[in-house]
Number of protein chains: 2
Amino acid sequence: MKPQIHTLPNGFRIVTEAMPGMKSASVGVWVNAGGRHERIEQNGIAHFLEHMAFKGTARRTALQIAEEIEDVGGYINAYTTREVTAFYARVLENDVPLAVDVIADILRNPTFDEKEIEIERGVILQEIGQALDTPDDLIFDWLQDAAYPDQPIGRTILGPAERVRSFDQADLANFVTDHYRADQMILAAAGAVDHDEIVRQAEALFGDMPQRSKLQFEPAKFHSGERREVKDLEQVHFALALQCPSYMDDDVYTSQIYASALGGGMSSRLFQEVREKRGLCYTIFAQAGSYADTGMMTIYAGTSGDDIDDLATLTVDELKRAATDISEVEIARARTQMKAGMLMGLESPSNRAERLARMLAIWDRIPDLDEIVERIDAVNATDVRGFAEKMAHGNEIALALYGPMAADAPDLDGLKRRLAS
Amino acid sequence: MKPQIHTLPNGFRIVTEAMPGMKSASVGVWVNAGGRHERIEQNGIAHFLEHMAFKGTARRTALQIAEEIEDVGGYINAYTTREVTAFYARVLENDVPLAVDVIADILRNPTFDEKEIEIERGVILQEIGQALDTPDDLIFDWLQDAAYPDQPIGRTILGPAERVRSFDQADLANFVTDHYRADQMILAAAGAVDHDEIVRQAEALFGDMPQRSKLQFEPAKFHSGERREVKDLEQVHFALALQCPSYMDDDVYTSQIYASALGGGMSSRLFQEVREKRGLCYTIFAQAGSYADTGMMTIYAGTSGDDIDDLATLTVDELKRAATDISEVEIARARTQMKAGMLMGLESPSNRAERLARMLAIWDRIPDLDEIVERIDAVNATDVRGFAEKMAHGNEIALALYGPMAADAPDLDGLKRRLAS
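Only a predicted model underlies this, so the values are computations on that prediction, with no experimental measurement involved. (Residues numbered from 1 in each chain as written. Chains lettered and ligands numbered in written order. Predicted model: local features only at pLDDT ≥ 70, side-chain atom pairs only at ≥ 80, totals over all residues.)

Colleague: So what exactly am I meant to see when it comes to the overall build of chain A here?
Modeller: In terms of regular secondary structure, chain A is built from 16 helices and 11 strands. Computed over C-alpha atoms, the radius of gyration of chain A comes to 23 Å, within 12% of the 22 Å expected from 2.2 N^0.38 for 421 residues, which places it in the range of a compact globule. In terms of its C-alpha atoms, chain A occupies a principal-axis envelope of roughly 60 × 50 × 40 Å. Taking all 421 residues of chain A together, 53% fall into the buried category. By sequence separation, contacts in chain A at least 24 residues apart represent 81% of the contacts at least 6 residues apart. (Helix = DSSP H or I, 4+ residues; strand = E, 2+ residues; numbered from the N terminus. Rg over C-alpha atoms; globule rule 2.2 N^0.38 Å. Buried ≥ 20, exposed ≤ 12 C-beta atoms within 10 Å, placed from the backbone. Contact = placed C-beta atoms within 7 Å.)

Colleague: What is the right way to look at helix α2 (residues 62-71) of chain B in this model?
Modeller: Here α2 of chain B has its buried residues at Ala62, Ile65, Ala66, Ile69 and Glu70 of chain B. All buried residues of α2 of chain B lie within an arc of 110° about the axis, which places them on one face of the element. Those residues of α2 of chain B that are buried are in contact with α10 (269-276) and α12 (328-345) of chain A together with β4 (75-80), β5 (85-92), α3 (96-108) and α4 (114-132) of chain B. One or two residues past the end of α2 of chain B sits glycine 73 of chain B, with phi positive at roughly 80°. (Arc of directions from axis to C-beta.)

Colleague: Is there a simple way to explain the relation of the copies chain A and chain B in this structure?
Modeller: Put simply, the two copies of the chain differ by a rotation about an axis and a shift along that axis. Screw-axis analysis of chain A against chain B gives a translation of 0.0 Å along the axis, an RMSD of 0.0 Å, and a rotation angle of 180°. Given the turn and translation reported, the copies of this chain are related as if by a two-fold rotation axis. Residue threonine 134 of chain A of chain A places its C-alpha closer to the rotation axis than any other residue of that unit, at 2.9 Å. Comparing contact sets, 100% of the residues at the interface of chain A also lie at the interface in chain B, consistent with an isologous, same-surface contact. (Least-squares fit on C-alpha atoms with pLDDT ≥ 70 in both.)

Colleague: Could you clarify how one ought to interpret the environment of lysine 320 of chain B in this entry?
Modeller: Residue and element names in this part refer to chain B. By the element assignment, lysine 320 lies in helix α11 (residues 308-325). A residue is classified by how many C-beta atoms lie within 10 Å of it, and lysine 320, with 18 of them, is partly exposed. Along the backbone, lysine 320 and valine 230 are 90 residues apart, and their C-alpha atoms lie at a distance of 28 Å. Beyond its immediate chain neighbours, meaning those up to four positions away, lysine 320 contacts Ala392 and Leu419.

Colleague: Got a minute to help me understand the environment of leucine 401 of chain B in this structure?
Modeller: All names here are of chain B. By the secondary structure assignment, leucine 401 is in strand β11 (residues 397-403). Taking the C-beta count within 10 Å as the criterion, leucine 401 has 25 such neighbours and is therefore assigned buried. Along the chain, leucine 401 and alanine 239 lie 162 residues apart, while their C-alpha atoms are 6.5 Å from each other. Every residue in contact with leucine 401, bar those within four places of it in the chain, is listed here: Arg228, Val236, Phe238 and Ala409.

Colleague: How do you make sense of the sheet that holds strand β3 (residues 24-31) of chain A when you look at a structure like this?
Modeller: Hydrogen bonds between backbone atoms are what pair the strands of a sheet, whose relative direction is either parallel or antiparallel. Residues and elements named next belong to chain A. Overall, mixed pairing links the six strands, which are arranged β1-β2-β6-β3-β5-β4 in an open sheet. The open sheet terminates on both sides in strands that have one partner only, identified here as β1 (4-7) and β4 (75-80). On average, each strand axis in the sheet is tilted by 15° relative to the strand beside it, whichever way the strands run. Pairing of β4 with strand β5 (residues 85-92) involves six bridges; the strand directions are antiparallel. Each bridged residue has a counterpart across the sheet, and for tyrosine 79 the counterpart in β5 is alanine 86. Across the sheet, helix α13 (residues 349-363) touches β1, β2 (13-18), β3, β5 and β6 (185-191), and the angle it forms with β6 is around 145°. (Pairing = 2+ DSSP bridges. Axes fitted to C-alpha atoms, helices over the stretch in contact; angles between N-to-C directions.)

Colleague: Would you explain the nonpolar core in this entry?
Modeller: Taken as a class, soluble globular proteins show a tendency for nonpolar side chains to be buried jointly. Residues Phe238 and Ala241 of chain A together with Ile186 and Ala189 of chain B are the most contacted members of the largest nonpolar core, which totals 131 residues. In contact with isoleucine 186 of chain B, other than residues within four places in its own chain, are Arg13, Val15, Val29, Trp30, Ala357, Leu360 and Ala361 of chain B. Within the second largest apolar cluster, 130 residues are counted, among which are Val102 of chain A together with Phe222, Ala241 and Tyr402 of chain B. (Core = buried A, V, L, I, M, F, W, Y, C linked by C-beta atoms within 7 Å.)

Colleague: Can you walk me through the sheet that holds strand β1 (residues 4-7) of chain B in this structure?
Modeller: All names here are of chain B. Taken in spatial order, the six strands of this open sheet run β1-β2-β6-β3-β5-β4, and their pairing is mixed. Every other strand in the sheet has two partners, leaving β1 and β4 as the edge strands with one partner each. When strand polarity is set aside, the average angle formed by the axes of neighbouring strands in this sheet is 15°.

Colleague: Teacher, can you tell me more about the confidence of the model for chain A here?
Modeller: As a general rule, the predicted coordinates of low-pLDDT regions are not to be interpreted in detail. Here chain A shows a mean pLDDT of 96. Residues at 70 or above account for 100%. Quick note on the complex model: pTM equals 0.96, ipTM equals 0.94. (pLDDT = per-residue confidence, 0-100.)

Colleague: What is the right way to look at the interface of chain A and chain B in this model?
Modeller: A common way to report how large an interface is uses the accessible area buried once the components associate. Counting from both sides, the interface comprises 58 residues of chain A and, opposite them, 58 residues of chain B. With 10 residues, the top contributor of residues to the side of chain A that touches chain B is helix α4 (residues 114-132) of chain A. Of the residues in the side of chain A that touches chain B, the class split is 20 nonpolar, 22 polar and 16 charged. (Nonpolar A, V, L, I, M, F, W, Y, C, P; charged D, E, K, R; others polar.)

Colleague: Any chance you could explain unusual backbone geometry here in plain terms?
Modeller: All names here are of chain B. Of note, the phi angle at aspartate 150 is positive, near 55°, even though the residue is not glycine. With respect to the element layout, aspartate 150 can be found in the loop between α5 (135-147) and α6 (161-164). C-beta crowding within 10 Å serves as the criterion here: with 10 such atoms nearby, aspartate 150 is assigned to the exposed category. At aspartate 364, a position not held by glycine, the phi torsion is positive, near 60°. For aspartate 364, the location among the structural elements is in the loop between α13 (349-363) and α14 (369-377).

Colleague: Quick question: what am I supposed to make of the pairing of β5 of chain A here?
Modeller: In regular strands, side chains alternate between the two faces of the sheet. All names here are of chain A. Within β5, eight of the eight residues are buried, which leaves the element mostly enclosed by the surrounding structure. Burial of β5 is two-sided: the residues Thr85, Phe87, Ala89 and Val91 facing one way and the residues Ala86, Tyr88, Arg90 and Leu92 facing the other way are all buried. Pairing analysis gives eight bridges linking β3 to β5, with the strands arranged antiparallel. By the bridge assignment for β5, glycine 28 is matched with tyrosine 88. Hairpin geometry of β4 and β5 is characterised by an intervening segment of four residues between the two adjacent antiparallel strands.

Colleague: What is the right way to read α12 of chain A from this model?
Modeller: Between its terminal C-alpha atoms α12 of chain A stretches 25 Å, which fits the 26 Å expected from 18 residues at 1.5 Å a residue. Looking at α12 of chain A, one finds that the buried residues are Glu330, Ile331, Arg333, Ala334, Arg335, Gln337, Met338, Ala340 and Met344 of chain A. The elements touched by buried residues of α12 of chain A are α9 (252-263), α14 (369-377) and α15 (381-392) of chain A together with β3 (24-31), α2 and β5 of chain B. (Expected span 1.5 Å × (residues − 1).)

If you want it as structure tokens, here you go:
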């Protein structure tokens, strides 16, 4: 089936894709509002709002929101990223209209009851505590901060505890007014769905939203930076970031294929050199992520304090080596992995709905799979070597380290020198 | 489509289910060998074997294993539980024969090269370090140990570092000889699969395995026990276990519905009372797990040191209250959640293949969905109240606590007294 798109007069967009044979559907609204849309004093408010959406509306108490979806065996959830807040549900076929109704209600009619704000503040402070207790979560927040210092995109999604303690009803309402606008929302649905029915429902539920001009966000600027802390843990958690293309850039697929060949699977260079040949870690991977105006390739590994030097050196050497000898065979494998991974991912309604929303937000259309496959297939080893060369020389790099490392553990300057040598 | 089952003369079983519309498949072999099949000096060896399977066979190097699957865009992985070791791959339609061939090869022909054993030992020691750095992983190992002290089923899957340091080639080979037997293996496949083709291939690859008599494992005995450690963390990690039915018991669905109503979703009692009304935690849940001869309902939450008393007390009070006033409405919701969750889960080839293997291992047949639905629908509020009453009175309970708690933080005896009062 082909995705079908419909835009309401106020700019609210709907995209659906029916998947034959499915008895359930995933449906959600993706709002173009995330951590990077926050001013510094607002840091954490997009995520706070995500929580408050479930705490009661003009029509439903918090309990009723949960019960109405769970009474039919569905589930409802939400997440916040640097660029997006998403509210979604997975339900059986007949319950799609209910799911759309509940999601519209929590988005449009939240009451932000003062008492509920206080309770939810406690929940979020616990969520922050949980993140701080998880070194391999924390390290990625540090890396983001090191790469984008003093910028909205570099701050945490959850926000610091002191900010979370300060938000009130007016702060929440103001952020909604500024960012939860009709033309910044996409309703996406995949699985056992009927396009016309969802469009009719969306017209009734979102058609009266006012249209407002788009707020600009601060352009991101990737910097070389470092954040490290010695801590009595079992492992040193090591994370390295390299500046990469945005999803608007022509070479975004080159960066993804590079990351895949470098550290995307068991046959990748980092997995083979660091784990398979030397046994220095359990987890190691590279992946390329992208935003509207920047991108970041992340390499992560956890190792012991004794081995962090070797691991960091090997990682940097693999980054260099890729620039000279990455082969067509490796690139062909990475291309195939990307294409097959995409096909397999699309067999899940949740993944498919999310992809529809993301594609529509980026390109204002849903590219055919053939078009994506063509772009992936166009990337060859020469492109990737050239890209790796750019990554190794004169590119910005950020480093985060957390754990039981010695005073002479690798630092950013040393790694940069080695990479450029 | 209906699942199709075939048994080879040596007892090796094959179960497949074609899913119309799918372009990919999940295929794997589930071996009836896990942590509970280990003698104490073997603790960690089932998991070590899981790792060594990927480190080279008579026909393929470690790199070739990875490359052959990733060349076609698939992925291959494995996991070890207390009862099972599973090796599985997800591939596109045409690559199912390749996946079966690779899985058969790593299962039947691993070389256990001495040098590779040394390297993989390092990887597993890092994996242990990673688990120790993750409080909300560690707490479940402690809970298991508290509930099943000095028993194979109570030990960790990874094993202690000192055991992992001791295993050699002969240890690995002996465990394979004892436990990797034809009649203890199930090949399960779901998605774009052809039953007859897979059976023919399995005959060729597994048909010559010798049949041996089944080794018994030590029956599990759930005890009341406690494990706690003060640690400078952000949260106190709290985990409570109640003795529950095994998957062979008639009331296994009652236990699952009880756990779901108590802490299975946003409308559940624990979520509502502890998080939604009081904001004491971010994560809280209850779930009922089962083994061949025992079962365990686990309740987990993370909270601050100041709030652990309230959280533990509230949790116990909810366990008690369920015995007197859980309603038909709540039970109906839990039943619907279970049924819908099953249907939605079955839309994924990986979940479906895993379920086929599990059902066949337990019942030596694949029950119709209707049969399961009937068993779920047969559970009513009276059953659940009676079950909750049994849980609250005279039942064994185990407790694990880890984090910044005071000396007078809740202990097992206090919680048991409150529960029984």
